[in-house]
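So you can see what is in the structure, the chains are spelled out below.
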Amino acid sequence: MKRTLTIFLLLLNCFAFGQSRNELANSKLYFRATYFDKKNEFIGLQTRTNLTDTIIDNVKYHKFQTADFTDYSDKQDKKTFYETFTNGIYCLLDNSKKIVHKINYQTNNEQTGTIFGRQTQILLEFIDTRSSYPRDSLVPTEKTPKKYYPTDNSEIYLVIIPDLQSLVVSSNGQFYTKQLMGDNYNDITKGLQNNFTASTKFDIQKGDEVQLFYRRKWYDDTTNLAEYEDKQFKNFKYVGDTVANNTKALKFEVESYNYLSGNYDSHEELLIAVTDSGYYVGYQFVPFQDYKTELKIIETENGKDLFLQGVTFDTINGNTYQKIVQAKSDPYRYYILPFFPMPFVEFGNVQGIITYTKIKGIEKGKKRERTYITNENNIRDIISKTKNEVEVIIYFVDKAEVEIEIQDYDTEKTIGTTKAKAKKGLNSFVVRSDNFEKDKQYRVQISYKGKNNSGSFSNSVTTKY
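One structure accompanies this document, and this report is about it. The structure displayed is predicted, hence computed values, not measured ones. (Residues numbered from 1 in each chain as written. Predicted model: local features only at pLDDT ≥ 70, side-chain atom pairs only at ≥ 80, totals over all residues. Heavy atoms only, no water.)

**A word on unusual backbone geometry**
Moving on, step 1. With a phi close to 55°, Asp 57 is a non-glycine residue in the positive phi region.
Moving on, step 2. For Asp 57, the position within the fold is in the loop between strand E3 (54-56) and strand E4 (59-69).
Moving on, step 3. Here Phe 116, not a glycine, exhibits a phi torsion of approximately 50°, which is positive.
Moving on, step 4. With respect to the helices, strands and loops of the structure, Phe 116 is situated in the loop between strand E8 (111-115) and strand E9 (118-126). (Helix = DSSP H or I, 4+ residues; strand = E, 2+ residues; numbered from the N terminus.)

Laid out in structure tokens, this is it:
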């Protein structure tokens, strides 16, 4: 079986983020897979349950039980192990207290150790999970994953992350077992451990609202604590009912603000179709049902895939709310709110949180507000002012010549344009057209040229008249 470093870069780079780096290892979820001809194939899942710690030969071991399965609700194969990272030695014992693995993870030299019950000479390879180059510039730290393998067979190996004190990957030469690490897997673990459940049969009234707030999150290299950067918020407000395509629909008013660009989108309309069995947000269907932990390997058009689901609670600004967490083998993280019809997705190091809710008129949390960028050009607002006028408000850091076009998304034609000179500071421009249609969204294309810089913006406006 040919296995390369690519598998490590794929699996070890997909960390989500917790309050501190140590939380990356809190997940009790693992998968097992094979890797042939550069192709992954999932063969099973595993959960681990902590049992009572015990002393063996004057060393404290963590006792735990593994459960292997393809569907958590079905048959499980359970085993008991003992594990320790004491004094720089990683040691795993089976139920009979026989050594399965024993590695000195603090030395970088060749050593005599045990992997899968076999004592042998063992080599070390550092796994570079950085995206930067050149690769030979890597300076290993306690955060760098270490791969240990026998001198005569690199297909059998262990991968340990020293600062997390976690065995994250192990391969017996036939298949490998990988720990799933990140906030979403921690959340699913909590749901599993506490048997949390939730129903998506929401109950809201006109005026109810939630704020979805996105922020970037990473770890400080020195403190290992999480750092944040505000990215964007979206406010979803339920304003009434209507009928769309002969189906009942809930009407929501959506406004959003981007902290990075300064773009503010106000009062767009979102229709959510509701049936007896669930609701649609675009093409996504969310059924009305009771949700609980689900862990299984499923068959898809592209082969076997993971489907992991759990229910947990989160608290932000004093607002405690329930959420349903779903994960597959793709890089996205999926969330459903039981109390409001607004599923959302996370990607990369961007985290979505609910900062404010107003449900049945009861407010919780704190609503984030827009800020105003003054160190770079940015759109402050785009307003459907009258039947024939759209107002565009832009902040410029210096004088510039400006051209604004309003374009029909369907035909790509320009139906309104204006040219003007902008002063330093806040500027208001009006674009007129006799071809605006009520409740239709148009592209707003802005280009500018100043003494020291030039560029363009692109946004949209929905006409109200």
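**Describing empty space enclosed by the protein**
Moving on, step 1. Counted under the stated rule, the structure contains two cavities of 30 Å³ or more.
Moving on, step 2. In this model, the largest cavity occupies a volume close to 60 Å³.
Moving on, step 3. The wall of the largest cavity is formed by Asn 377, Phe 396, Val 397, Asp 398, Lys 399, Ala 400, Gly 450, Lys 451, Asn 452 and Asn 453.
Moving on, step 4. Partitioned by chemical class, the residues of the lining of the largest cavity number three nonpolar, four polar and three charged.
Moving on, step 5. Taken as a whole, the second largest cavity holds about 40 Å³ of empty space.
Moving on, step 6. The wall of the second largest cavity is formed by Tyr 30, Arg 48, Leu 167, Val 168, Val 169, Ser 170, Thr 177, Lys 178 and Gln 179.
Moving on, step 7. Among the secondary structure elements, those contributing two or more residues to the lining of the second largest cavity are strand E12 (166-172) and strand E13 (176-179).
Moving on, step 8. Ranked by the residues each element gives to the lining of the second largest cavity, the list is headed by E12, at four residues.
Moving on, step 9. Classifying every residue of the lining of the second largest cavity by side-chain character gives four nonpolar, three polar and two charged. (1 Å grid on protein atoms, 1.4 Å probe; cavity = no way out; pocket = protein on both sides within 12 Å on 5 of 7 lines; lining within 4 Å. Points joined across faces, edges and corners; volume = space filled by probe spheres on them. Nonpolar A, V, L, I, M, F, W, Y, C, P; charged D, E, K, R; others polar.)

**Things to note about the pairing of strand E2 (residues 39-50)**
Moving on, step 1. Examined bridge by bridge, strand E1 (residues 29-36) and E2 share eight bridges and lie antiparallel to one another. Its bridge partner lying in E2, Phe 36 is registered against Lys 39.
Moving on, step 2. Connecting E1 to the antiparallel partner E2 that follows it, the hairpin turn spans two residues, and Asp 37 within it adopts a positive phi of roughly 50°.
Moving on, step 3. Direction of pairing for E2 relative to E4: antiparallel, over a ladder of six bridges. Bridged to Gln 46 within E4 is Asp 68. (Pairing = 2+ DSSP bridges.)

**Concerning a nonpolar patch on the surface**
Moving on, step 1. A cluster of nonpolar side chains, contributed by Tyr 332, Val 345 and Phe 347, occupies part of the molecular surface with about 270 Å² of accessible area.
Moving on, step 2. Its location among the elements puts Tyr 332 in strand E25 (residues 332-336). (Patch = residues over 30% accessible without salt bridge, like charges linked within 9 Å, V, L, I, M, F, W, Y side chains within 5 Å. Areas by Shrake-Rupley, 256 points an atom, 1.4 Å probe, with all protein chains shown as cover. Salt bridge = Lys/Arg side-chain N within 4 Å of Asp/Glu carboxyl O.)

**Concerning the packing of aromatic side chains**
Moving on, step 1. Inspection of every chain in the model, using the stated rule, returns 24 aromatic pairs.
Moving on, step 2. Relative to Tyr 105, the ring of Phe 85 lies with its centre 5.7 Å away and its plane at 75°, an arrangement referred to as edge-to-face. A residue pair is termed long-range when its members are at least 10 positions apart, and Phe 85 in the loop between strand E5 (77-84) and strand E6 (89-93) and Tyr 105 in the loop between strand E7 (99-104) and E8 qualify at 20 residues.
Moving on, step 3. Ring centres of Phe 196 and Phe 313 lie 5.1 Å apart, and the angle between their planes is 80°; this geometry places the pair in the edge-to-face category. Within this pair, whereas Phe 196 is found in the loop between helix H2 (183-194) and strand E14 (198-199), its partner Phe 313 is found in strand E23 (residues 303-316), the two being separated by 117 residues in sequence.
Moving on, step 4. Judged by relative accessible area, Phe 313 falls into the partly exposed class, the value being 41%.
Moving on, step 5. Linked through ring pairs, Phe 213, Phe 233, Tyr 257 and Tyr 259 together constitute an aromatic cluster.
Moving on, step 6. Lying over the aromatic face of Tyr 334, Lys 328 brings its terminal NZ or CZ to 5.0 Å of the ring centre.
Moving on, step 7. Sitting over the face of the ring of Tyr 264, Arg 370 holds its NZ or CZ atom 4.3 Å from the ring centroid. (Phe/Tyr/Trp six-rings, centres within 6.5 Å; stacked < 30°, edge-to-face > 60°. Buried < 20%, exposed > 50% of the residue type's maximum accessible area, 1.4 Å probe, protein only. Lys NZ or Arg CZ within 6 Å of the ring centre and 35° of its normal.)

**Comments concerning the nonpolar core**
Moving on, step 1. Within the largest apolar cluster, 69 residues are counted, with the highest numbers of intra-cluster contacts made by Phe 340 and Met 342.
Moving on, step 2. Here the element with the most residues in this core is strand E15 (residues 209-219); it accounts for five residues.
Moving on, step 3. The next biggest cluster of nonpolar side chains, apart from the first, holds 21 residues, and it includes Val 390, Ala 422, Phe 429 and Phe 457. (Core = buried A, V, L, I, M, F, W, Y, C linked by side-chain atoms within 4.5 Å.)

**Here we look at the pattern of salt bridges**
Moving on, step 1. Applying the stated rule across the entire model yields 19 salt bridges.
Moving on, step 2. In this structure, Lys 251 engages Glu 269 in a salt bridge whose closest nitrogen and oxygen atoms are separated by 3.9 Å. One end of the pair, Lys 251, is in strand E17 (residues 247-258); the other, Glu 269, is in strand E18 (residues 264-274), with 18 residues separating them in the sequence.
Moving on, step 3. For Lys 251, a relative accessible area of 26% puts it in the partly exposed group.
Moving on, step 4. Taking the relative accessible area as the measure of exposure, Glu 269 reaches 52% and is therefore exposed.
Moving on, step 5. One network of salt bridges, with partners in common, ties together Asp 408, Asp 410, Glu 437 and Lys 440.

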